[in-house]
Every structure is written in structure tokens, then in C-alpha cells.
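Listed here are the chains, written in short residue letters.
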Amino acid sequence: MLLFFIALYFMLTLSGTGSRTEGWPLAAPVARADIVVYGGGLAGCAAAWKAAATAPDRSVALVVPYPERQYGGLATAGGQNFWDVRYWARDGRLVQGGSFVHWFKAVGPFYRTADLAVRIAADLGRLPNLQTYWAMDITAVRKDWRGRLQALALRGLQRDAAGTVIWGEERQILAATIFVDASEDGRLSRLSAAGVTVGREDWPVEFLAADLVSKEEVRRLKSLRLQGGTAGARGIAAGRPGPGHDGDILLPRQQAATLMFKVRGVQPGRYRDMIFRQERGAWGAYGGREVYINDPVVTGFNDRYGPAGFALKPLNAAQDGPGSPEWWVNALLIFNVDGRANARDRGHDPYPRDMAPGALDTDTAWQKGREMLDNPDFIRALRRFDGFNEAELVRDGQGRPLTGAMLYLRETIHTVVDPREAGPGTEDSNYALTAAATHGAGSGPAEGNDLGNYVNRIGLGFYWQDINAYHFSDLKGSDGRYRWPVTSFLRPDYPRTTPGPDAWPQNPVYIPFNTLLSRPVPNLLIPGYAASISSLAWAELRVLPNSCILGDAAGVAATYALTKGRDPGTFTDADVAAVREILVQHFGARVDK
């Protein structure tokens, strides 16, 4: 009888339902750490490294939620082997320090993915107080009556014969005092009810017409659901009501995803429409805008497959290390992917109930992307880009295209300051880091839209305001011609954003400590995609160097919270100043312009 009540207590204190198959286990080994970091990407590795290094007498657990036993996530197993750096024109320097500079110096701007994974493993392997939980994901969370996280229920991951990630048999309960969500999908933040918005739902409503669905469409989709139709129709009524539109539903919409893939046969050189650059012996390439807009084979490919959710964009690519014949390529856009959704969660609480009509979960999109690579039309179109005229897909031992082990998700969710105020038109009022602050950041602490962030700054963020398309139709103008980049078309209120030396934002932005916080969950730090950054601001902050900055700050803040016996959500200005001092003095962070 006592065991029954203990099990019942666990279930009642979950975020979500514990009675489902992937919920809270009735029997599993229990482990405890002082700090749990969730996420195997660069933000997670930086957070775990800095937490364990700052407090060697404290235990840190790093949960890696993908099957590959490789640190680095997208930057290693995912195949994105270039850093997306932007040097500040004022001083010609990188504005980020800390873990990013350490890893950047180790492997260079274009690198062999295995080399970065080995470098990170060496850095983390020197820390005896850090334990990695490989290939495990969260099935449920436990919180106390104050909203504080207490423990995570984990289950093992593996791949089936087709490569799809499925649940394994291993179970684990992991308890801690401080938790860090450094993931791309924001799963820990969602399951702990941190208070989030999805994709661009905070944009001004006048720019969201493509995401609104009428009452009549809702009824039609419900009818399809009853007839066994559209995937995503089942949760349509759970979308957020559209302001000013009687009965309309605002569907969650995130930037297009990409599947990285490998080719050989690239020919670096001097071309009119493609820039090749070699650094530290490795080549990188970017460009192809004119081919993308004007070449009939490329436009024909996009016209044919765009409505089905696939398009070729101007590409970025990098050699897989000096001398390698193989290159990783970022060129294939996949639309209507919901980065929150995994196939293994279908029918259970973590699977989002408000997905857009026909939206793909990440596993289905990954598989469909691999199928598209095998389409002869794809390689025919890719070969139209300068330097890629003789490119061939690299294939694995089973003859399948060699791709990243995960999608390159550009956007998922964003934590808000006040969940009651979430919705359209709040990008400059309900996030710790706003669109206005990033776009209009000043050259120093005395001016600019980010001057209010100066007192509690924990780092500098910098890149171009680089939005990718949300719908395939975003790639075309009213004249029917393709266009690139799309930022100034999707957000005409933010002009002069085309990447270049004079593009806005012109200055780095002060990142405030509150970017890492969730008001409802005071012992949770969020340096991952779910950080309190508005959607448009995220267009600048989403690149790998900035992820490292957020991870460093979260790791140091977690250990400081333990030392002081306080939750991060209760930090004062003096506490943030102490965290900042550790980042600067011990880890080489750059926090001043």
C-alpha cells in the first residue's frame, strides 16, 4: 500500500500525465547530481564544461538526447562544420569569447566534424565531476508545489533499421537542484511549463496573415481528422486565437529546417556567383544567389518541389577538414517542420497538440529529406551552382546519402517573461532580449536600444538578422520571381538587413542575464533555443558562436546558484555581476564593447 501511494505521488507531481507508456517509470534506478544539463549541442557542452570547471566539488550530469555518442550536436553529428561568424567592423574582432573562441581556435572556421567532437570530448573528459548520460531523452518531469524542478524521467534512445530514432529499454530517474535546458527543441522547458511561444507567433499581427486559419478551415480540418486525414489536423483547435480575427486560429510556424548532406567533386576557384575561401588549409564556400534566382533548372526544381515542402537555396558549404575530398553542404530547405515533435512521442504528452496542418515531426522530415536527396532532379539542380558542377553525393555503406544525424533546426520555441501576455505583437515587450534591442544595439553602454541590458549583461551576441523562409511562398516576390535573402521582404519594418559590412544590426547586443530565466520555473536556466529571446531577435542569436556564449553563462550561473543556496530566478544585480566576473576572469568571456 505504501508503494502505491509513493507511485501516486510521483504521478500527481508530474508536468503532464505519468500514466502513459513514455511517462514516469514506476521502477527505474535513481541518480542525483547537483546540476543537470539537458542538450548535447554546443550550448549544452559549454554549460556542462563551465559548471563542472567552476565547482569541482559539485556533480554535473549532461544528458545527450540523440543516439550518436558524439558531443557537439548540430556542429558535429549534424554536419554543420562552419561557425557562421561575423566580425565587428569597428575593431575587426570576434565579439564572442569563452568556449567559442577556445573551440574556434582549435579547429578553425571550416573544420572536420570529428575533430571538433574529439576536442570537446577532451575538454569535458578532464572533469571527473561530470557524467554524461548518452542517448537518453526526457519522458516526464517532476516539480514541487513551488514550480521548481526536482527530477527528470529519462529513457534510452536508439535507431531502427531505417535510421529513425526510437525509444530503447533503458530507464533512469535523474534528480538535481539546478537544471539547464540547452537543447534545440526546448523539450525540458516545454515539459516543465516554463511559459513559451512557438516560432514567430510574437510578430506583429500584420505580418502573420499566412499563419492564420479561418473558422471554416478549422471545421474542414476537423472533418478530415474524423475521416483519418491530415496529420496535424488533430490539434488544430489548440492553436492560439488570432487577435482581431473572429474565430481565426494562429498556427505555430517556425523557420524552415535544413538537412546537411555530404558531396564530393567540389572544385574551388574564382567564380562570379560563388565565393570560395580557404583558411587553415580547409575550404569554405557560400553564394549562388544569381543561379537560385535565374537558372531554369534550379527554379524548375523549386517550382516543382516547393509546394511539397522542399527547395534549394543559395548554399553554404565547407570541406570536411583540410585535404578531404568530402564537403558538408547546407542547401536543402524543408518546410513545415515542427521542431518540437518527435515520431517516438506520437500519442503521448510530449507530442505537441497544436501542430500546423500537414506539419512534419523531425524524424519524418529527416527521412523525407534523405529521400529527396536521392531524387535525380536534386543533384541535377545542385550541379548548376558554380564549383559544384561535378558534385556527387557521398553515400554510406548501404548506398544511402550521407547526411547529418539530425536536422538543422533554425527555430523552435521562445520563453516569455509573462505567459499571460504571450501572443502577436509582443516581440518588444515580453522577452528578455527583444527585436528592437538586437537591431538597434548601440556601440557602447551609453546609447542604443540595448543600453537597458548593460547592467545585467553576461555576454555579447552578434550576427546578421538572418531570417529564413517560413513558407515556400516566402521565397517568391509578387512578380513571381525568386528572391534572397528574405528578411527584408518578410519584415519590411526592418530594412537594411541584407548581410554585408554595412548591414543592420551594426553593433553587437548586450545579452541580459534574464535571457536565461523562466519566471514559472525558478531553478531552470535556458541557454538553448528556448531562451527568452523574441523570434526576430533569435534570427541574429541562433548561430553557433552565440549558443556557446549562452551556454557558458548558464554553466557559471548554475554553480553560483548552488554556492549561494539560491535559485537563479532570484538573482540580484550583485549576483549577476559576480557571475559576469567569473566568466571574464576565468573563462575569457567578452562582455564589453
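All figures in this text were calculated on a predicted structure; none of them were measured in a lab.

## A word on the overall build of the protein
- Regarding its fold elements, the protein presents 15 helices and 23 strands.
- A compact globule built from 593 residues would reach a C-alpha radius of gyration of about 25 Å, and the protein, at 23 Å, matches this within 12%.
- For the protein, the spread of C-alpha atoms along the principal axes amounts to about 70 × 60 × 50 Å.
- When each of the 593 residues of the protein is scored for burial, the buried share is 63%.
- Here the contacts in the protein between residues at least 6 apart in sequence split such that 74% fall between residues at least 24 apart.
- Surface accessibility of the protein: about 21,700 Å² in total, with carbon and sulfur atoms responsible for 52%.
- Side-chain charges of the protein comprise 65 positive and 63 negative groups, with the mean position of each set lying 2 Å from the other.

## Observations regarding helix 14 (residues 544–564)
- An ideal rise of 1.5 Å per residue puts 30 Å on 21 residues; helix 14 measures up with 31 Å between its terminal C-alpha atoms.
- Counting buried positions along helix 14 gives 19 out of 21 residues, so the element sits mostly inside the fold.
- Gly-565 sits one or two residues past helix 14 and shows a positive phi near 65 degrees.

## Concerning the sheet that holds strand 1 (residues 30–32)
- The strand order 1-7-6-5 describes an open sheet built from four strands, whose pairing is mixed. Two strands in the sheet have a free side with no partner beyond their single neighbour: strand 1 and strand 5 (136–143). Taking each pair of neighbouring strands and ignoring which way they run, the sheet shows an average axis angle of 35 degrees.
- Direction of pairing for strand 1 relative to strand 7 (residues 165–175): parallel, over a ladder of three bridges. What sits directly across from Arg-32, in strand 7, is Ala-175.

## Overview of the nonpolar core
- Formed by 110 residues in total, the largest nonpolar core has its most connected members in Trp-83, Trp-103, Phe-261, Val-263, Phe-388 and Leu-525.
- Discounting residues that sit within four places of it in the chain, Val-263 has contacts with Pro-325, Glu-326, Trp-327, Val-329, Leu-382, Phe-388, Ala-391, Glu-392, Leu-393 and Val-394.

## Some points on the sheet that holds strand 23 (residues 524–525)
- If you trace the five strands from one edge of the open sheet to the other, you get 4-3-2-8-23, paired in parallel fashion. On the outer flanks of this sheet lie strand 4 (130–133) and strand 23, each paired with one strand and no other.
- With four bridges connecting them, strand 2 (residues 35–38) and strand 8 (residues 178–181) associate as parallel partners. What sits directly across from Val-36, in strand 8, is Phe-179.
- Docked against the sheet, helix 2 (residues 42–54) engages strand 2, strand 3 (60–63), strand 4 and strand 8, running at close to 170 degrees with respect to strand 3.

## Topic: the packing of aromatic side chains
- Under the counting rule described, the total for this entry stands at 23 aromatic pairs.
- Here Phe-335 and Phe-472 contribute two aromatic rings whose centre-to-centre distance is 6.3 Å and whose plane-to-plane angle is 75 degrees, an arrangement assigned as edge-to-face. Taken together, the residues span a long stretch of sequence, with Phe-335 in the loop between strand 18 (326–334) and helix 9 (362–373) and Phe-472 in the loop between strand 21 (457–461) and helix 12 (487–490) at a distance of 137 residues. With respect to burial, Phe-335 and Phe-472 carry one shared label: buried.
- Here the aromatic rings of Tyr-463 and Trp-464 are separated by 5.2 Å at their centres, their planes lie at 70 degrees, and the arrangement is edge-to-face.
- We classify Tyr-463 as buried; its relative accessible area is 9%.
- Overall, the relative accessible area of 18% leaves Trp-464 in the buried class.
- Within the aromatic cluster, the residues linked to one another by ring pairs are Tyr-292, Phe-335, Phe-472, Tyr-482 and Trp-484.
- Seen from the ring of Trp-366, Arg-159 lies directly overhead, with NZ or CZ sitting 5.2 Å from the centre.
- Here the basic side chain of Lys-593 rests over the ring of Tyr-510, its NZ or CZ set 4.2 Å away from the ring centre.

## Describing the pattern of salt bridges
- According to the stated counting rule, one finds 37 salt bridges in the structure shown.
- The closest approach of N and O atoms between Asp-211 and Arg-200, which form a salt bridge, is 2.8 Å. Of this pair, Asp-211 sits in the loop between strand 9 (196–198) and strand 10 (212–213) while Arg-200 sits in the loop between strand 9 and strand 10, and the two are 11 residues apart along the sequence.
- Among the residues examined, Asp-211 registers a relative accessible area of 1% and is labelled buried.
- One salt bridge connects Asp-349 with Arg-353, and the closest N-O pair in it is separated by 3.4 Å.
- Through salt bridges with shared partners, a single ionic network connects Asp-137, Arg-187, Arg-344 and Asp-345.

## What to know about the pairing of strand 7
- The sheet contact formed by strand 6 (residues 149–159) and strand 7 spans eight bridges and is antiparallel. When the sheet's bridge partners are listed, Ala-153 is paired in strand 7 with Ile-173.
- Connecting strand 6 to the antiparallel partner strand 7 that follows it, the hairpin turn spans five residues, and Gly-163 within it adopts a positive phi of roughly 100 degrees.

## Section: the packing of helix 2 against helix 4 (residues 113–125)
- Look at helix 2 against helix 4: their axes get within 10 Å of each other, and the N-to-C directions meet at 20 degrees. As judged from the angle between their axes, helix 2 and helix 4 are roughly parallel. Here helix 2 runs over helix 4; the crossing is left-handed. Along its contact with helix 2, which presents Leu-42, Cys-45 and Trp-49, the element helix 4 presents Leu-116, Ile-120, Asp-123 and Leu-124.

## So, the packing of helix 3 (residues 98–107) against helix 4
- As a packed pair, helix 3 and helix 4 sit with axes 10 Å apart at the nearest point and diverge in direction by 130 degrees. Taken together, the axes of helix 3 and helix 4 lie oblique to each other. For the pair helix 3 and helix 4, the sense of crossing is right-handed. Two secondary-structure elements touch here, helix 3 through His-102, Trp-103, Ala-106 and Val-107 and helix 4 through Asp-115, Leu-116, Arg-119, Ile-120 and Asp-123.

Rules of the game
- Residues numbered from 1 in each chain as written.
- Predicted model: local features only at pLDDT ≥ 70, side-chain atom pairs only at ≥ 80, totals over all residues.
- Heavy atoms only, no water.
- Helix = DSSP H or I, 4+ residues; strand = E, 2+ residues; numbered from the N terminus.
- Rg over C-alpha atoms; globule rule 2.2 N^0.38 Å.
- Buried < 20%, exposed > 50% of the residue type's maximum accessible area, 1.4 Å probe, protein only.
- Contact = heavy atoms within 4.5 Å.
- Areas by Shrake-Rupley, 256 points an atom, 1.4 Å probe, with all protein chains shown as cover.
- Lys, Arg positive; Asp, Glu negative; His and termini not counted.
- Charge placed at Lys NZ, Arg CZ, Asp CG, Glu CD.
- Expected span 1.5 Å × (residues − 1).
- Pairing = 2+ DSSP bridges.
- Axes fitted to C-alpha atoms, helices over the stretch in contact; angles between N-to-C directions.
- Core = buried A, V, L, I, M, F, W, Y, C linked by side-chain atoms within 4.5 Å.
- Phe/Tyr/Trp six-rings, centres within 6.5 Å; stacked < 30°, edge-to-face > 60°.
- Lys NZ or Arg CZ within 6 Å of the ring centre and 35° of its normal.
- Salt bridge = Lys/Arg side-chain N within 4 Å of Asp/Glu carboxyl O.
- Parallel < 35°, antiparallel > 145°, perpendicular 65-115°, else oblique.
- Left-handed = near helix turned anticlockwise from the far one by under 90°.

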